[in-house]
Amino acid sequence: MRLTADGTTPNSRLVLVDVLETADGYAFEPARPFFLAVGDRIAFENDRLVVVRTSGERLSPAGNRSTRCKPGALRDHGGLRATAPKG
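Digging into the packing of aromatic side chains
Inspection of every chain in the model, using the stated rule, returns 1 aromatic pair. Arranged with centres 6.3 Å apart and planes meeting at 65 degrees, the rings of Phe28 and Phe44 form a pair that is edge-to-face. Of the two residues, Phe28 is situated in strand β3 (residues 26-30) and Phe44 in strand β5 (residues 41-45); the sequence distance between them amounts to 16 residues. By relative accessible area, which is 22% here, Phe44 ends up partly exposed. Over the ring of Phe44 we find Arg65; its NZ or CZ atom is 4.3 Å from the centre of that ring.

Notes on the environment of Thr9
Within the secondary structure, Thr9 sits in the loop between β1 (2-3) and β2 (15-21). Residues Thr9 and Asp40 lie 31 residues apart in sequence; the distance between their C-alpha atoms is 8.3 Å. Once you skip the residues sitting within four places of it in the chain, Thr9 turns out to touch Thr4, Asp40 and Arg41. A distance of 2.8 Å separates a polar atom in the side chain of Thr9 from a polar atom in the side chain of Asp6.

A short note on the environment of Val17
Inspection of the secondary structure puts Val17 in strand β2. Considering only alpha carbons, one finds Val17 and Phe28, 11 residues apart in sequence, at a separation of 9.7 Å.

Brief notes about the sheet that holds strand β6 (residues 48-52)
Spatially, β5-β6-β7 is the arrangement adopted by the 3 strands of the open sheet, whose pairing is antiparallel. The sheet is open, and its two edges are formed by β5 and β7 (58-59), each paired on a single side. Of the strand pairs in this sheet, β5 and β6 are connected by 5 bridges, and their pairing is antiparallel. Following the sheet pairing, Ala43 is matched in β6 by Val50.

Describing the confidence of the model for the protein chain
Confidence along the protein chain averages 80 in pLDDT terms, with 77% of residues attaining 70 or more. Within the protein chain, strand β9 (residues 80-83) has the poorest average pLDDT of any element, 55, and β7 the best, 94. A low-confidence stretch, residues 72-78 (pLDDT under 50), is modelled with 13 contacts involving residues beyond four sequence positions or located in other chains.

Parameters and conventions
- Residues numbered from 1 in each chain as written.
- Predicted model: local features only at pLDDT ≥ 70, side-chain atom pairs only at ≥ 80, totals over all residues.
- Heavy atoms only, no water.
- Phe/Tyr/Trp six-rings, centres within 6.5 Å; stacked < 30°, edge-to-face > 60°.
- Helix = DSSP H or I, 4+ residues; strand = E, 2+ residues; numbered from the N terminus.
- Buried < 20%, exposed > 50% of the residue type's maximum accessible area, 1.4 Å probe, protein only.
- Lys NZ or Arg CZ within 6 Å of the ring centre and 35° of its normal.
- Contact = heavy atoms within 4.5 Å.
- Polar contact = N/O pair within 3.5 Å; in protein donor to acceptor, adjacent residues only side chain to side chain.
- Pairing = 2+ DSSP bridges.
- pLDDT = per-residue confidence, 0-100.

Laid out in structure tokens, this is it:
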């Protein structure tokens, strides 16, 4: 699934995040998987992932941002990838 990490675009459905890969070859791996709810917005601030809930609450999940592969080598070049729950 493609997500936009601009801090303003709301998430359109429930998403289980275990790894977020960017189109420029970086990845954010949270310490524990977490859910993004409908309406949540995400952004990277100083190499940290920030989640803004619809209530305005700001979360910064623990994790690591690292180089995943060479830029341009990802299958989805449009943004971040995450896993949508089945069902």
